[in-house]
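Breakdown of the fold
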Amino acid sequence: MLSVVEEDVGTLAENVFRQIQLAIVRGEMAPGSKISEPELARTYGISRGPLREAIHRLEGQKLLVRIPHVGARVVSLSHAELIELYEIRESLEGMACRQAAERMSQVEIDDLRRVLDLHEQDAAFQAGVGYYQQEGDFDFHYRIIQGSGNRTLAKLLCDELYQLVRMYRLQFSATPNRPHQAFAEHHRILDAIADRDGELAELLMRRHIGASKRNIERHYLAQAGQAALVKPSKTRGDS
């Protein structure tokens, strides 16, 4: 049995873990920024032991990476790495969607439709500036993966990669027109699941994630174009 002190330390470590996790996912801790243990310990009023436990868990979620001779930094995927992540999602979430169409109960399907109703009421979504991004049971993708009944898929997509994916979903959710397009795509996916059409459900999910991947590619192309415009041109006398 844990002592009261051990329980308090465990609770403190869990709270700090959740706070840092949320700050990273929301972009409040910038991608690539260095993690300072003394600074975090002062910020959150926690000793180094529980803090290191929280940092270790965040590394397990791929939100922090440890670089030799540098230390821990907030993850910052390259364009190529991010596209690879979405290719993994496209394949595995498509499979999960097909299995969900075969295995979800009617009660689970009805609950998922209520989740979409909740998303539609979100103020940011109604204003067209973002999409409802609560996690776990309030997350459309999470519920479908769980509904697949495939524990290996759930471990990979709802545990190991989940917060990393959420980080980038949040980052790109405010792209103009994308929130309402994504919502319409969610409804079509759910209709296919409700019809028990696994083949169509998989196809629609793959298209849905593929559309998000193309949105990211357009973002990087636009960034590259802007960088080219502001790059100073060489003139005579430039070295």
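Residues numbered from 1 in each chain as written. Predicted model: local features only at pLDDT ≥ 70, side-chain atom pairs only at ≥ 80, totals over all residues. Heavy atoms only, no water.

Time to look at the overall build of the protein chain. The helix and strand inventory of the protein chain stands at eleven helices and two strands. Its helices and strands in sequence order give the protein chain the pattern α-α-α-β-β-α-α-α-α-α-α-α-α, from N to C terminus. Burial analysis of the protein chain (239 residues in total) assigns 43% to the buried set. Looking at the protein chain as shown, the accessible area adds up to about 13400 Å², and 52% of this sits on carbon and sulfur atoms. (Helix = DSSP H or I, 4+ residues; strand = E, 2+ residues; numbered from the N terminus. Buried < 20%, exposed > 50% of the residue type's maximum accessible area, 1.4 Å probe, protein only. Areas by Shrake-Rupley, 256 points an atom, 1.4 Å probe, with all protein chains shown as cover.)

Take the pattern of salt bridges next. For the coordinates displayed, the defined rule picks out 15 salt bridges. Of the charged contacts, one joins Asp 191 and Arg 113 as a salt bridge, the two residues approaching to 3.3 Å between their closest N and O atoms. Taken together, the positions of Asp 191 in helix α10 (residues 178–194) and Arg 113 in helix α5 (residues 106–120) put the pair 78 residues apart, joining distant regions of the chain. The class of Arg 113 is partly exposed, set by a relative accessible area of 27%. The partner of Arg 166 in a salt bridge is Glu 135, and the shortest N-O contact between them spans 4.0 Å. Here Arg 166, found in helix α9 (residues 162–172), pairs with Glu 135, found in the loop between α6 (123–126) and α7 (140–147); they are 31 residues apart in sequence, far enough to count as distant. One salt-bridge network, held together by shared partners, links Glu 14, Arg 18 and Arg 57. (Salt bridge = Lys/Arg side-chain N within 4 Å of Asp/Glu carboxyl O.)

So, about the packing of aromatic side chains. On inspection of all chains with the given rule, the structure shows one aromatic pair. Over the aromatic face of Phe 17 sits the side chain of Arg 57, whose NZ or CZ is 3.7 Å from the ring centroid. Positioned above the aromatic ring of Tyr 86 is the side chain of Arg 89, whose terminal nitrogen or guanidinium carbon lies 5.1 Å from the ring centre. (Phe/Tyr/Trp six-rings, centres within 6.5 Å; stacked < 30°, edge-to-face > 60°. Lys NZ or Arg CZ within 6 Å of the ring centre and 35° of its normal.)

Moving on: α5. Here α5 spans 21 Å end to end across 15 residues, near enough to the 21 Å set by a 1.5 Å rise per residue. For α5, every residue scored as buried is listed here: Ile 109, Leu 112, Val 115, Leu 116 and His 119. The arc that holds every buried residue of α5, seen down its axis, measures 110°, which confines them to one face. Buried residues in α5 make contact with α6, α7 and α10. (Expected span 1.5 Å × (residues − 1). Arc of directions from axis to C-beta. Contact = heavy atoms within 4.5 Å.)

A regular strand places its side chains on the two faces of the sheet in alternate fashion. Across four bridges, strand β1 (residues 64–67) lies against strand β2 (residues 71–74) in antiparallel orientation. Bridge assignment links Arg 66 to a residue of β2, and that residue is Ala 72. Between β1 and the antiparallel strand that follows it, β2, lie three residues; His 69 among them carries a positive phi value of about 65°. (Pairing = 2+ DSSP bridges.)

Let's shift gears to unusual backbone geometry. Phi angles above zero are rare outside glycine, and His 69 is one such case at about 65°. Among the structural elements, His 69 can be located in the loop between β1 and β2. Given the relative accessible area of 88%, His 69 is considered exposed. Of note, the phi angle at Arg 196 is positive, near 60°, even though the residue is not glycine. Structurally, the position occupied by Arg 196 is in the loop between α10 and α11 (198–230).

A few words now on the side chain of Asn 215. With respect to the helices and strands, the residue Asn 215 is situated in helix α11. The class of Asn 215 is buried, set by a relative accessible area of 7%. Non-local contacts of Asn 215, meaning those with residues more than four positions away in its chain, are made with Phe 172, Thr 175 and Arg 178.

Moving on to the environment of Gly 147. With respect to the helices and strands, Gly 147 occurs in helix α7. Look at Gly 147 and you get buried, because its relative accessible area is 8%. C-alpha separation for the pair Gly 147 and Ser 105, spaced 42 residues apart in sequence, amounts to 8.4 Å. For Gly 147, the contacting residues outside a window of four places in its chain are Ala 100, Arg 103 and Met 104.

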